[in-house]
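What the coordinates show
Listed below, chain by chain, are the residues.
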Amino acid sequence: MKIVARTDVGLLRDNNQDAYAAFELTESAALTVVCDGMGGANAGDIASQTAVKTISEYIVNSYRRNTDSQGHWANLLQIYNTYFGYIEDMKKGHYFDLD
């Protein structure tokens, strides 16, 4: 399996707020997480990097515990419900150490 990822700052911004992770979970399963920046908003790069890091770690850890696709979808919903509020707070200038 070959995974390729790339992002670009585009024509309007000075910095790239996009973030991604791509790697193999098993020989037959891969994980790609892409978080788009926040349109130049303050700390958009921090928000997207934090989201990629926490989502990737959560998925890798839960993938090892669950082997069926229904469990994986439930985990994705849990990720969304858990971390969406963190990202919203980061947009307002509140920062968290999620390590």
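Residues numbered from 1 in each chain as written. Predicted model: local features only at pLDDT ≥ 70, side-chain atom pairs only at ≥ 80, totals over all residues. Heavy atoms only, no water.

Concerning the overall build of the chain
- Along the chain, the regular secondary structure elements total 2 helices and 2 strands.
- Within the span of the chain, comprising 99 residues, buried residues form 28% of the whole.
- Put simply, of all contacts in the chain between residues at least 6 apart along the chain, 44% involve residues at least 24 apart.
- Accessible surface computed for the chain: about 7100 Å², of which carbon and sulfur atoms make up 50%. (Helix = DSSP H or I, 4+ residues; strand = E, 2+ residues; numbered from the N terminus. Buried < 20%, exposed > 50% of the residue type's maximum accessible area, 1.4 Å probe, protein only. Contact = heavy atoms within 4.5 Å. Areas by Shrake-Rupley, 256 points an atom, 1.4 Å probe, with all protein chains shown as cover.)

A short note on the nonpolar core
- With 12 residues, the main nonpolar core is built from Ala19, Ala21, Leu31, Val33, Cys35, Ala51, Val52, Ile55, Ile59, Val60, Ile79 and Tyr83.
- Every element with two or more residues in this core is listed here: β1 (19-26), β2 (29-35), α1 (44-65) and α2 (69-91).
- Examining the composition of this core, we find that 5 residues originate from one element, α1, more than from any other.
- Setting aside residues up to four positions removed in sequence, Ile79 forms contacts with Ile55, Tyr58, Ile59 and Phe84. (Core = buried A, V, L, I, M, F, W, Y, C linked by side-chain atoms within 4.5 Å.)

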